[in-house]
Amino acid sequence: MTILVSGATGTVGKHVVEQLVNKKVQVRAVTRNPKKANFPEGVEVVVGDLMSPKTLISALQDVTAIYLITSSDQVDATLETDPQIVELAEEAGVKRISLLTVYGDGPVEQAIKNSHLEWTFVQPVGFMANAIDDWQESIQKEGAVCMLGGENRTAIVHEADIAAVFVETLLGDKYHGNFYTLTGPEALSAIEQVEIISKVIGKEIKFKELTEAQARNRWQEIGLDEESIDFMVQMSNNPPEIGYTVLPTIECITGHSAKTFAEWAHEHKKHFIK
Ligand SMILES: NC(=O)c1ccc[n+]([C@@H]2O[C@H](COP(=O)([O-])OP(=O)(O)OC[C@H]3O[C@@H](n4cnc5c(N)ncnc54)[C@H](OP(=O)(O)O)[C@@H]3O)[C@@H](O)[C@H]2O)c1
C-alpha cells in the first residue's frame, strides 16, 4: 500500500508522513521544493503542484489513498488545489481520499463527493502551532504578545492529533462519507495560552490587548489586504461557536485523548527562547 501525502512539508503533513512511516506504510510525499524538504528514510519524494494536477499524474500511479490539502496558510504560498486532482486520482485507480478541509464546501469537496472514491473530510479548528507563527518573534524580542481579542477562547488542536486522525481514516475502512470537526481538549483564550508558554519557558510574557484600530494598522503593515483585515476583525469581535466548542472526535477516532496546549508548549518551547 502506498499513501500519497500532499502538503507533506506542512505543519500537519509532516506528522502524517512520520506517523505513517512509524506504521511501516510506504509514503509518497509531494513537494514543490525537494531540496528544502527533509523526510524520514524510506519516504519516496515526488515533485508536484496541486494547482497544476497533471504534474502529479505519474505520482498517482499505484497509490491506495491520498492525504489532500486544499489551501495553504504559508505567507509565501498561493494554493487553491485544482479539483482535477480528483478525476486524475480516479483514473489512476486510487481508492480513497482524506481531505483537510477549511470551509467544507469548495470545488474540491464537490468533486470528491461526485466521484466514486471513498472519502473523509476532516476540518480542524485553529492549530496550536499558530502560536509559533503569531507570537514567536514578539515573545523572543519583547517578551510580550500584543493582539486583538485576547479573551476569545479557541479549542486549539495539536497538529499531531490531526495527523493521527488522518492516519486512521487513510488506513481504515469505516470512515467513508464522514465529516469530522476536530478540536483540542479545552477552549483557551490567547491570554491563557500566553500564560502557559510563560510558565513552560520560565519567563514573564506581558499580554497587551490592542484596540481595533491598532490591530488594523499592524495587519496593514504586514501587507494584509482590506478584505482579510475585515475578516480578522469580524472573527475577533464575533468568534464562531465551532472554534470554541470542545468535541471528543480525536479520542473517538484514535483511542487516545487529545493533547493539551501545555503538552504542545513543552514540546515546542525552544521556539520561544532566544
Ligand atoms: N493554521 C490553522 O489554524 C488552520 C486551521 C484549519 C485549517 N488549516 C488548513 O490546514 C491545511 C494544512 O495546513 P499546514 O499548516 O499543514 O500546511 P501549510 O503550512 O499551510 O501549507 C504548506 C504546505 O502546502 C504545500 N503547498 C503550498 N502550495 C502548494 C502547491 N501549489 N502545490 C503543492 N503543495 C503546496 C507546501 O508544500 P511545499 O512548499 O513543500 O511544496 C506545504 O507542505 C491548510 O489548508 C490550512 O489552510 C489551518
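These figures come from a predicted structure and were not determined experimentally. (Residues numbered from 1 in each chain as written. Predicted model: local features only at pLDDT ≥ 70, side-chain atom pairs only at ≥ 80, totals over all residues. Heavy atoms only, no water.)

A.B. asks: Just to check I follow, could you spell out the overall build of the protein for this structure?
C.D. replies: Scanning the protein for helices and strands turns up eleven helices and eleven strands. Its C-alpha radius of gyration of 19 Å places the protein within 12% of the 19 Å reference for a compact globule of 274 residues. Burial analysis of the protein (274 residues in total) assigns 47% to the buried set. Contacts in the protein between residues at least 24 apart in sequence constitute 71% of all its contacts with a sequence separation of at least 6. Put simply, the protein shows about 14,200 Å² of open surface, and 48% of that area lies on carbon and sulfur atoms. Separation between the mean location of the 24 positive side-chain charges and that of the 39 negative ones in the protein comes to 7 Å. (Helix = DSSP H or I, 4+ residues; strand = E, 2+ residues; numbered from the N terminus. Rg over C-alpha atoms; globule rule 2.2 N^0.38 Å. Buried < 20%, exposed > 50% of the residue type's maximum accessible area, 1.4 Å probe, protein only. Contact = heavy atoms within 4.5 Å. Areas by Shrake-Rupley, 256 points an atom, 1.4 Å probe, with all protein chains shown as cover. Lys, Arg positive; Asp, Glu negative; His and termini not counted. Charge placed at Lys NZ, Arg CZ, Asp CG, Glu CD.)

A.B. asks: What is the right way to look at the nonpolar core in this model?
C.D. replies: For soluble globular proteins, the rule of thumb is that nonpolar side chains tend to be buried together. Grouped together as the largest cluster of nonpolar side chains are 56 residues, with contacts concentrated most on V5, V16, L20, I66 and Y67. When we break this core down by domain, the ones giving at least three residues each are domain 1 (1–124) and domain 2 (125–157 + 183–274). Grouped together as the second largest cluster of nonpolar side chains are 20 residues, A131, V194, F261 and W264 included. (Core = buried A, V, L, I, M, F, W, Y, C linked by side-chain atoms within 4.5 Å. Domains from an automatic or database assignment.)

A.B. asks: Even after reading the chapter, I still don't get the domain arrangement of the protein, so can you show me in this structure?
C.D. replies: Interface extent is often summarised as the accessible area lost during association of the parts. Domain boundaries in the protein define domain 1 (1–124) and domain 2 (125–157 + 183–274). Spacing between the C-alpha centres of domain 1 and domain 2 amounts to 27 Å. Opposite the five residues of domain 1 that make contact, domain 2 presents seven residues. Considering only the side of domain 1, the residues that lose the most area to domain 2 are T11, Q123 and P124, jointly responsible for 68% of the buried surface there. Applying the counting rule to domain 1 against domain 2 returns zero salt bridges. The tally of links between domain 1 and domain 2 comes to zero residue pairs in polar contact (both at pLDDT 80 or more). Of the residues assigned to the side of domain 1 that touches domain 2, the class counts are three nonpolar, two polar and no charged. (Buried area = accessible area lost by both parts, 1.4 Å probe. Salt bridge = Lys/Arg side-chain N within 4 Å of Asp/Glu carboxyl O. Polar contact = N/O pair within 3.5 Å; in protein donor to acceptor, adjacent residues only side chain to side chain. Nonpolar A, V, L, I, M, F, W, Y, C, P; charged D, E, K, R; others polar.)

A.B. asks: Looking at this model, I keep getting lost on the pairing of strand β5 (residues 96–100). Mind explaining?
C.D. replies: A regular strand places its side chains so that they alternate between the two faces of the sheet. For β5, the tally of buried residues reaches five of five residues, placing the bulk of the element in the interior. Residues of β5 alternate between two faces, with R96, S98 and L100 on one and I97 and L99 on the opposite face, all of them buried. Here strand β4 (residues 65–69) pairs with β5 via five bridges, running parallel. Across the sheet, L68 pairs through a bridge with L99, a residue of β5. Sheet analysis places β5 next to strand β6 (residues 118–124), joined by five bridges and oriented parallel. Its bridge partner lying in β6, R96 is registered against E118. (Pairing = 2+ DSSP bridges.)

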